[in-house]
Amino acid sequence: MNVIELTEISRVFGLGNGATRALKGVNLSVPKGEFLVIMGPSGSGKSTLLNIIGLLDQPDDGEYKLDGRDVAFLSQRRRAKIRRNHIGFIFQNFNLIGRMNILENVSLPLLYKGIATIKRYERASEILRYLGIQEKEYYLPNQLSGGQLQRAAIARAMVNRPSI
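Caption draft 1: The arrangement of the layout of surface pockets in detail. Volume-wise, the largest pocket comes out at about 1400 Å³. Every residue lining the largest pocket is counted, 33 residues in all, and those nearest its centre are L36, L50, G88, I90 and I164. Of all the secondary structure elements, the ones that give two or more residues to the lining of the largest pocket are β1 (2–13), β2 (20–31), α1 (46–53) and α5 (146–158). With 5 residues, α1 is the single largest residue contributor to the lining of the largest pocket. Considering only enclosed or pocket space, the second largest pocket measures out at about 410 Å³ in volume. Around the second largest pocket sit 16 residues that line it, and R83, R84, I87, F89 and P109 are the ones nearest its centre. Mapped onto the lining of the second largest pocket, the elements with two or more residues apiece are α2 (76–86), α3 (102–112) and α5. Grouping the constituent residues of the lining of the second largest pocket by class yields 10 nonpolar, 3 polar and 3 charged.

Now the structure itself:
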């Protein structure tokens, strides 16, 4: 079974003469366990596609099935729960919270799941060690290099052990 199944997905931003077609008739099937890379030039719709897959945006046309279930009629609350439990995001600008240290930032998804503080920090520290920046876990984001920030953002996306 496919984890992700997109059929004829389209997305347009703006109206009339100012409209921009970000996606037109995209079809994509991703089987469970598959590793996928989405590449293309700037403005080709990569972020729009990922926002739709990540349930941050909805297509104007087409069908999206996640684990065999049509997502078109999911409530915002249900979409948020799926994002929290099953999807790990690494944002282009990282979106780390400046007043929180790296350990707190990485453990944040586990807080939303109701995991106890010690367990959250243990798991976050384990992921940071795996990515080679455990020694930076008490630093603030503005104290890290770009590569370290990127690894912290990757750690935050992995800490939940998401399926996507």
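Caption draft 2: Inspection of the sheet that holds β1 at higher detail. Taken in spatial order, the 4 strands line up as β2-β1-β3-β4 in an open sheet, and their pairing is antiparallel. Of all strands in the sheet, those bounded by a partner on one side alone are β2 and β4 (69–70). Both strand β3 (residues 61–66) and β4 contribute to a ladder of 2 bridges, which runs antiparallel. If you follow L66 over to β4, its bridge partner there is R69.

Caption draft 3: A look at the packing of α3 against helix α4 (residues 117–130). Orientation of α3 relative to α4, taken along the N-to-C sense of each, is 120°, at an axis distance of 8 Å. Comparing their axes, α4 and α3 come out oblique. Note on packing geometry: the crossing formed by α3 with α4 is right-handed. Touching I102, L103, E104, V106, S107, L110 and L111 of α3 are R120, Y121, R123, A124, S125 and L128, all from α4.

Caption draft 4: The arrangement of the nonpolar core in detail. Within the largest apolar cluster, 18 residues are counted, with the highest numbers of intra-cluster contacts made by I4, L6, I9, I53, L55, Y64 and L66. Every element with two or more residues in this core is listed here: β1, β2, α1 and β3. Setting aside chain neighbours within four positions, we find L6 in contact with V26, N27, L28, L49, I53, E63 and Y64. Counting 17 residues, the second-largest nonpolar core is a separate cluster that includes L96, L103, A124 and I127.

Caption draft 5: The pairing of β2, seen in detail. Judged from the 8 bridges that link them, β1 and β2 form a sheet pairing that is antiparallel. The residue bridging V12 from the neighbouring strand is R21, located in β2. Between β1 and β2, which pair antiparallel one after the other, the connecting turn spans 6 residues, and G14 there sits at a positive phi close to 85°.

Caption draft 6: Here's a closer look at α2. Looking at α2, one finds that the buried residues are R79, I82, R83 and N85. Looking at the buried side of α2, the elements it contacts are β3.

Caption draft 7: Focus on the environment of L49. Looking at the secondary structure, you find L49 in helix α1. Classification of L49 as buried rests on a relative accessible area of 9%. Separated by 43 residues in sequence, L49 and L6 have C-alpha atoms that sit 9.9 Å apart. Leave out the neighbours within four places in its chain, and L49 touches L6, L23, V26 and I38.

Caption draft 8: Fine view of unusual backbone geometry. In this structure, E8 takes a positive phi of about 55° despite not being glycine. Looking at the secondary structure, you find E8 in strand β1. We classify E8 as partly exposed; its relative accessible area is 43%. With a phi angle near 55°, R161 is a residue other than glycine that sits in the positive phi range. Positionally, R161 belongs in the segment after α5.

Rules used throughout
Residues numbered from 1 in each chain as written. Predicted model: local features only at pLDDT ≥ 70, side-chain atom pairs only at ≥ 80, totals over all residues. Heavy atoms only, no water. 1 Å grid on protein atoms, 1.4 Å probe; cavity = no way out; pocket = protein on both sides within 12 Å on 5 of 7 lines; lining within 4 Å. Points joined across faces, edges and corners; volume = space filled by probe spheres on them. Helix = DSSP H or I, 4+ residues; strand = E, 2+ residues; numbered from the N terminus. Nonpolar A, V, L, I, M, F, W, Y, C, P; charged D, E, K, R; others polar. Pairing = 2+ DSSP bridges. Axes fitted to C-alpha atoms, helices over the stretch in contact; angles between N-to-C directions. Parallel < 35°, antiparallel > 145°, perpendicular 65-115°, else oblique. Left-handed = near helix turned anticlockwise from the far one by under 90°. Contact = heavy atoms within 4.5 Å. Core = buried A, V, L, I, M, F, W, Y, C linked by side-chain atoms within 4.5 Å. Buried < 20%, exposed > 50% of the residue type's maximum accessible area, 1.4 Å probe, protein only.

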